[in-house]
Amino acid sequence: MKSLKMLLRFAIVGGLILLLLIPLMMIRGVINERSAYRDEAYSRVAESRAGTQRLIGPVRVVPWVERQQVDVVDAQGVKKTEMQTTEGQWLQVPTTLEVNGELLPSQRSVGLFKVPVYSWNGQVKASFAADDYPVKAGRSYGQPYVALGVSDARGLVGTPNLRVDGQQVRLLPGVGAADALGRGLHAPVAGFADASGGTLAASSVELELRLDGSRALSVVPLGDDNQIALRSSWPHPSFTGAFLPNERRVDGQGFDARWAVSSLASDAQHQLRKGGDLDAQAVAVSLVDPVDSYTQADRASKYGVLFIVLTFVGFILFELIKALRIHPLQYLMVGLALAIFFLLLISLSEHIAFWQAYLVSAVACIGLQAVYLANVLGHWKRGLGFAAMLTLLYGALYGLLVSENNALLMGSLLLFAILAVAMWVTRRVDWYALGSELK
C-alpha cells in the first residue's frame, strides 16, 4: 500500500538521521578534546611565565602581639595561671585609590595553540588618612609596613618603584602578617614612637610596576574612593567581576575602560578584614577571542542535524514528486559527507585561519556531493541544484558563526526562511493522493 510504503520510507529516513547522530556526537567529542588541550596550553604558559594576575592594595599594616594572664584548669583539675599570646594586625585601607596603566598584549605558542599574554605597565596611587590604633593592656605594636597583594609575583619584571610620602622605600617579598592579601610584597615604613598605641600619620603611596600575566587582570577596589583605568590595543576584551566599567571604548584599535567604585557599593574592605573571597569584589578584564576556532566549530556542529534533515527532506520530495528511487545507503553516504565537514573544519582551523578552513571544507564537501548527487538524482542539473542549496546553507551558517551579537536573531530568521521555502515548494502537493490507502 502506498501509505505504508511512505510511512516505512519516513521511518527509515528517521532511523538514518538518528544513526548519523553518532558521528556528529563523536566529532563534537573531538572538538571538546581539542578545547581541553588548549586549556592545558593555557596552564603550561601560566606555570612557566605567569598566570592571571590580581592586584590588591596597597594597605597599611601594623602587626601586634597581645599577652594576657589567663586562668586554666589542667587535666587533674588543678587551677593555674598561664601567659596567653595572641598575634594579629591592624589594617588600614586607602582613603583614595587610583590604578591605571596599559596592557601590552602578545601571544605565546604552545604547539598548535596560541595563548594571549600581556605586560601591564601599572601606576598605583593611594592616600591614607591619619589612623588611631587602639591602646589595649598587654598589647604591643611592631613595625608598620605597606603591603601589596599580587597573585603571581613571578610576573614582576624588574623592581617595582615604591615611594611613601615622596621617599623611595625598598620592597621585600611576601605580605608579612597580612595573610588576607595572599601573596605579594611589603615595605617597612616609619610609623610611631609608642608601641603601646597611638596614631599613624596621614600618608601617600605611589607605585610603578611592570607585571606580566596571561589572559586576565583584576583589581580589587579596597579604597573608600576607587578610580581604575585600563587600556590596551587588544580589540576583544571581556569585562567581568563585580563591577562593569562606567566608561568604555572598544573598537578595532583596542579598548579604554574606566571604573569609579565607592566603598559604599563594594564589600571588599569587609572581605579583607574577615579573610573572605576578594575575587568576588574585583573588577576584571580578560583578553579573549570571542569567536575562536573551537567555539566556532562547536557552534557549527550544533547545526549538523539541521543540515542532514534539510538534505534528507529534499531527497524525500524528489522521491515523491519526481518518482525517483534513492537507496537508504545513498542517504547514509550523503549524511556522512555532511558530517565530515565539521571534522575537516576543526582540523584545518588549527593550521590556517578559521575562514580559510571553513572555505576549504565547504568547497570540498559541496564539490563531493555535487558529483555524487548528479548520479543519484539522475541528472547533473539536479546535482548542481542541491550543491547550490548547500552553498546557501554553508554561507548562512558562516554568517551565524562570525556574528558575536546577532547569532540568535540570524539563526531564528534562517530557520523561518527555510520553513517558508519548504512550505512554498510543497504548497500544491496533494499529500492524500500520494499517501492514499488501497481499500
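In this text the structure is predicted, and so the values were computed from the model without any measurement.

Engineer: I tried to follow helix α7 (residues 380-402) on my own but got confused; where do I start?
Structural biologist: In this model, α7 (23 residues) spans 33 Å end to end at C-alpha, consistent with the 33 Å of a helix rising 1.5 Å per residue. Looking at α7, one finds that the buried residues are Gly383, Phe386, Ala387, Leu390, Leu393, Tyr394, Leu397, Gly399, Leu400 and Leu401.

Engineer: What is the right way to read empty space enclosed by the protein from this model?
Structural biologist: To locate leftover empty space, one rolls a probe as large as a water molecule over the atoms. Under the defined criterion, the tally for this structure stands at one cavity of 30 Å³ or more. Quantified by volume, the largest cavity comes out at close to 50 Å³. Along its surface, the largest cavity is lined by Pro58, Val146, Ala147, Leu148, Leu162, Leu171, Leu185, His186, Val205 and Leu207. The dominant element in the lining of the largest cavity, judged by the number of residues it contributes, is strand β7 (residues 145-150), at three residues. Taken together, the residues of the lining of the largest cavity sort by class into nine nonpolar, one polar and no charged.

Engineer: What am I meant to see in the pairing of strand β14 (residues 216-220) here?
Structural biologist: Every regular strand shows the same layout, with side chains that alternate between the two sheet faces. Among the five residues in β14, five count as buried, and that is most of the element. Alternating residues of β14 divide into Ala216, Ser218 and Val220 and Leu217 and Val219, and every residue in both groups is buried. Relative to strand β19 (residues 283-287), β14 is paired through four bridges, and the arrangement is antiparallel. If you follow valine 219 over to β19, its bridge partner there is valine 283.

Engineer: Would you explain the nonpolar core in this entry?
Structural biologist: Here is a general trend for soluble globular proteins: nonpolar side chains tend to be buried in one another's company. Judged by nonpolar contacts, the single largest core of 48 residues is most densely connected at Phe312, Phe315, Tyr331, Phe341, Tyr358, Tyr394 and Leu397. Those elements giving two or more residues to this core turn out to be α1 (2-48), β4 (113-128), α3 (293-301), α4 (304-321), α5 (328-349), α6 (354-376), α7 and α8 (407-425). The dominant element in this core, judged by the number of residues it contributes, is α6, at nine residues. Each residue touching tyrosine 358, except ones within four places of it in the same chain, is listed here: Phe341, Leu345, Tyr394, Leu397, Tyr398 and Leu401.

Engineer: Would you take a moment to explain the packing of aromatic side chains for this structure?
Structural biologist: The description of two aromatic rings rests on the distance between their centres and on the angle between their planes. Overall, the coordinates contain five aromatic pairs when judged by the stated rule. Judged by centre distance (6.0 Å) and plane angle (70°), the ring pair of phenylalanine 239 and tryptophan 259 falls under edge-to-face. Of this pair, phenylalanine 239 sits in strand β16 (residues 237-241) while tryptophan 259 sits in strand β18 (residues 254-262), placing them 20 residues apart in sequence. Centroid distance phenylalanine 341 to tyrosine 394: 4.6 Å. Interplanar angle 50°. Geometry classified as tilted. Separated by 53 residues along the polypeptide, phenylalanine 341 in helix α5 and tyrosine 394 in helix α7 bring together distant segments of the chain. Under the relative-accessibility criterion, tyrosine 394 is labelled buried at 2%. Members of the aromatic cluster, joined through ring pairs, are Phe341, Phe342, Tyr358 and Tyr394.

Engineer: Is there a simple way to think about unusual backbone geometry in this case?
Structural biologist: Even without glycine at this site, aspartate 165 takes up a positive phi of about 55°. For aspartate 165, the location among the structural elements is in the loop between β8 (161-164) and β9 (167-169). One non-glycine residue, arginine 215, adopts positive backbone phi at about 70°. Mapping arginine 215 onto the fold places it in the loop between β13 (203-214) and β14. Overall, the relative accessible area of 36% leaves arginine 215 in the partly exposed class.

Engineer: Which parts of the structure should I look at to understand the pattern of salt bridges?
Structural biologist: Opposite charge on two side chains lets them pair, provided their charged atoms get close. Enumeration according to the criterion identifies five salt bridges in this entry. Measuring nitrogen to oxygen at the nearest pair gives 2.7 Å for the salt bridge that ties arginine 163 to glutamate 206. Of this pair, arginine 163 sits in strand β8 while glutamate 206 sits in strand β13; the two residues are 43 residues apart in sequence, bridging distant segments of the chain. Overall, the relative accessible area of 30% leaves glutamate 206 in the partly exposed class.

Engineer: Would you take a moment to explain the environment of alanine 137 for this structure?
Structural biologist: As for its position among the elements, alanine 137 is in the loop between β5 (131-133) and β6 (139-141). Aside from chain neighbours lying at most four places away, what touches alanine 137 is Glu66 and Gln68.

Engineer: Just checking my understanding: could you explain the environment of tryptophan 259 for this structure?
Structural biologist: Judged by its relative accessible area of 2%, tryptophan 259 falls in the buried class. Taking the C-alpha atoms as reference points, tryptophan 259 and asparagine 226, 33 residues apart in sequence, are found 7.7 Å from one another. In contact with tryptophan 259, not counting residues within four places along its chain, are Asn226, Gln227, Ile228, Leu230, Phe239, Phe243, Leu244, Pro245, Asn246, Val283 and Ala284. A distance of 3.1 Å separates a polar atom in the side chain of tryptophan 259 from the backbone oxygen of phenylalanine 243.

Engineer: Whenever I open this one, the side chain of serine 151 confuses me. Can you help?
Structural biologist: You can see serine 151 is positioned in the loop between β7 and β8. In this structure the side chain of serine 151 is engaged in a polar contact, spanning 3.2 Å, whose partner is the side chain of glutamine 53. Excluding anything up to four places from it in sequence, serine 151 contacts Thr52, Gln53, Arg54 and Arg183.

What counts, and at which threshold
- Residues numbered from 1 in each chain as written.
- Predicted model: local features only at pLDDT ≥ 70, side-chain atom pairs only at ≥ 80, totals over all residues.
- Heavy atoms only, no water.
- Helix = DSSP H or I, 4+ residues; strand = E, 2+ residues; numbered from the N terminus.
- Expected span 1.5 Å × (residues − 1).
- Buried < 20%, exposed > 50% of the residue type's maximum accessible area, 1.4 Å probe, protein only.
- 1 Å grid on protein atoms, 1.4 Å probe; cavity = no way out; pocket = protein on both sides within 12 Å on 5 of 7 lines; lining within 4 Å.
- Points joined across faces, edges and corners; volume = space filled by probe spheres on them.
- Nonpolar A, V, L, I, M, F, W, Y, C, P; charged D, E, K, R; others polar.
- Pairing = 2+ DSSP bridges.
- Core = buried A, V, L, I, M, F, W, Y, C linked by side-chain atoms within 4.5 Å.
- Contact = heavy atoms within 4.5 Å.
- Phe/Tyr/Trp six-rings, centres within 6.5 Å; stacked < 30°, edge-to-face > 60°.
- Salt bridge = Lys/Arg side-chain N within 4 Å of Asp/Glu carboxyl O.
- Polar contact = N/O pair within 3.5 Å; in protein donor to acceptor, adjacent residues only side chain to side chain.

All we've got here are geometric facts, nothing functional implied.
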